[in-house]
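Residue-level structural notes
This is what each chain is made of:
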Amino acid sequence: MAGNDRSALTDQASRPLHDLRISVMDRCNFRCPYCMPEATYHEHFRFLEPKERLSFDEIERVARVAVSLGVRKLRLTGGEPLLRPKLPELVARLAAIDGVEDIALTTNGVLLERHVRDLKEAGLNRVTVSLDSLDPAVFARMSGGRAQLEPVLGAIDTAASAGFSGGVKLNTVIQRGLNDTGVEALAERFRHSGVVLRFIEYMDVGTRNHWERAEVVPSRELRERIDARWPLEPVDAHYRGEVARRYRYCDGAGEVGFISSVTAPFCGDCSRARLSSEGQLYTCLFASEGTDLRTLLRSDADDAALRDLLAGVWRRRTDRYSEERAASSDAPARRRIEMNYIGG
């Protein structure tokens, strides 16, 4: 394959490479208990030094080669990506790559309002904000006491009115006994808003959040609760591999989605690779090991070598962790990369 020939590059399960999620920052200004608990990520925790993270030149190079292999969608993640200085500059560079059809950003929203205009002008298509509760006390607890609710809600409203072509979505991780009683309040708040709310089952990403299966609230339970108050009807997926099961309110109030990695794994359609902020390529959110790209990027290797490496990694891919977990009474005991390195 040469140039932008995107004849199908597939893995061992015939899954195409379609999405690249790029972590631009391992740091975060939140300490969410399911991702970066304060007990582990304390003030003395060693994060990456700037020189250890990929530069914008290096990120753009990986993205350009990945697009030549079939990637069409890019998502910038963290940590908190808006902690990375001059992020709109990177967005503009990625948007200029021939073949990129969609660029998205996942953020906790605290810094979003000040960057919305620049991100939109740079070519960002979509914004996803993590929002786990409308209860100020619960929100504070789930952010590790690092933020207040109202500024985040204000940023969501600003982003929703900015005219992003792909709109604004909210990701809500539901954990039993922590924020599961606030589901209906969230649904009510964002009905008729144009913002799409997506409920995510609490997952065992990484090894530091002390995940327990009993704390998972199945999507089916959440869907039934919402449907009992505001009837829902299913909506067809936009594309193969879409992670959220989509529903719309029968009264025309908008759409809601459910991401069910625990109770209804979707490994069979997963088309996502993940690039960590220090240049490791991972082929699964629950991976134990990645492939070092940074060393190659900082050597004399040309794009052909990078392309061969990326293609080889994807062709050998066999990952299906969530399906394996669902088939077992216990989650497999193995080390997994932490989410702050590779995003969600």
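A short tour of the structure in this document, coming up. These numbers come from a predicted model, not from an experiment.

A word on the overall build of the chain. A tally of helices and strands in the chain yields 11 helices and 12 strands. In the chain, 74% of the contacts between residues at least 6 apart in sequence involve partners at least 24 apart. When the accessible area of the chain is evaluated, it comes to approximately 14900 Å², of which 47% is carbon and sulfur surface.

The next subject is the packing of aromatic side chains. A full pass over the atoms with the stated rule returns three aromatic pairs. Taking the centre distance of 6.0 Å and the plane angle of 25° together, the rings of Phe199 and Phe258 count as stacked. Remark: Phe258 occurs in strand β9 (residues 255-259) and Phe199 occurs in strand β6 (residues 196-201); sequence separation between them is 59 residues. Note on Phe199: relative accessible area 0%, which makes it buried. Among the residues examined, Phe258 registers a relative accessible area of 1% and is labelled buried.

The tally for this structure, following the rule as stated, stands at 20 salt bridges. Notably, a salt bridge pairs Arg64 with Glu60, separated by 2.6 Å at the nearest N-O pair. You can see Arg64 and its partner Glu60 sitting in helix α1 (residues 56-68), four residues apart, about one turn around the helix.

The next point concerns unusual backbone geometry. Gly79 follows Gly78 through a cis peptide bond whose omega is 15°. Here Gly79 shows up in the loop between β2 (73-77) and α2 (87-95). For Ser14, which is not a glycine, the phi torsion comes out positive at approximately 65°. Considering the arrangement of structural elements, one finds Ser14 in the segment before β1 (19-23). A positive phi angle, close to 65°, is found at His192, a residue other than glycine. Note on placement: His192 falls in the loop between α6 (183-190) and β6. Given a relative accessible area of 59%, His192 falls into the exposed group.

This part covers the pairing of strand β8 (residues 245-249). Side chains on a regular strand alternate between the two faces of the sheet. Two strands pair when backbone bridges link them, and strand β7 (residues 232-235) and β8 are joined in this way by four bridges, in the antiparallel orientation. Paired with Val235 across the strands is Arg246, a residue of β8. The pairing of β8 with β9 spans four bridges and is classified as antiparallel. Note that in β9 the partner of Arg248 across the bridge is Glu255.

Moving on: the side chain of Thr106. If you trace the backbone, Thr106 turns up in strand β3 (residues 102-107). Of the polar contacts made by the side chain of Thr106, one reaches the side chain of Arg75; its length is 2.8 Å. Residue contacts for Thr106: discarding those within four places in its chain leaves Arg75, Leu76, Thr77, Pro81, Thr128 and Ser130.

Ranked by internal contacts, the top residues of the largest apolar core, which has 84 residues, are Leu20, Leu131 and Phe199. Per-element tally for this core: the top contributor is α1, with seven residues. Sequence-distant contacts of Leu131, that is, excluding residues within four places in its chain, are made with Phe139, Leu149, Val152, Leu153, Ile156, Leu170, Asn171, Thr172, Leu186 and Phe190. Among the nonpolar cores identified, the runner-up in size contains 15 residues, and Tyr202, Met203, Val216 and Leu285 belong to it.

Counting buried residues in strand β5 (residues 168-174) gives seven out of seven residues, a clear majority hidden from the surface. Residues Val168, Leu170, Thr172 and Ile174 line one face of β5 and the alternating positions Lys169, Asn171 and Val173 line the opposite face, and both faces are buried. In this structure, β5 lies alongside β6, joined through six bridges in parallel fashion. The partner of Thr172 across the bridge, within β6, is Phe199. Crossover β5 to β6 through α6 is right-handed.

Turning to the packing of α1 against helix α9 (residues 303-316), a few remarks are in order. Closest axis-to-axis distance for the α1/α9 pair is 10 Å, and the angle between their directions is 60°. Note that α1 runs across α9; the crossing there is right-handed. Of α9, the residues touching α1 (which contributes Arg61, Val62, Val65, Ala66 and Ser68) are Asp303, Leu306, Arg307 and Leu310. Classifying every residue of the contact of α1 with α9 by side-chain character gives five nonpolar, one polar and three charged.

Moving on: the environment of Ile226. For Ile226, the location among the structural elements is in helix α7 (residues 219-229). Contact partners of Ile226, with chain neighbours within four places excluded, come to Val183, Ala187, Phe199, Leu232, Tyr249 and Phe258.

Cut-offs and rules
- Residues numbered from 1 in each chain as written.
- Predicted model: local features only at pLDDT ≥ 70, side-chain atom pairs only at ≥ 80, totals over all residues.
- Heavy atoms only, no water.
- Helix = DSSP H or I, 4+ residues; strand = E, 2+ residues; numbered from the N terminus.
- Contact = heavy atoms within 4.5 Å.
- Areas by Shrake-Rupley, 256 points an atom, 1.4 Å probe, with all protein chains shown as cover.
- Phe/Tyr/Trp six-rings, centres within 6.5 Å; stacked < 30°, edge-to-face > 60°.
- Buried < 20%, exposed > 50% of the residue type's maximum accessible area, 1.4 Å probe, protein only.
- Salt bridge = Lys/Arg side-chain N within 4 Å of Asp/Glu carboxyl O.
- Pairing = 2+ DSSP bridges.
- Polar contact = N/O pair within 3.5 Å; in protein donor to acceptor, adjacent residues only side chain to side chain.
- Core = buried A, V, L, I, M, F, W, Y, C linked by side-chain atoms within 4.5 Å.
- Right-handed = clockwise from strand over helix to strand, strands pointing away.
- Axes fitted to C-alpha atoms, helices over the stretch in contact; angles between N-to-C directions.
- Left-handed = near helix turned anticlockwise from the far one by under 90°.
- Nonpolar A, V, L, I, M, F, W, Y, C, P; charged D, E, K, R; others polar.

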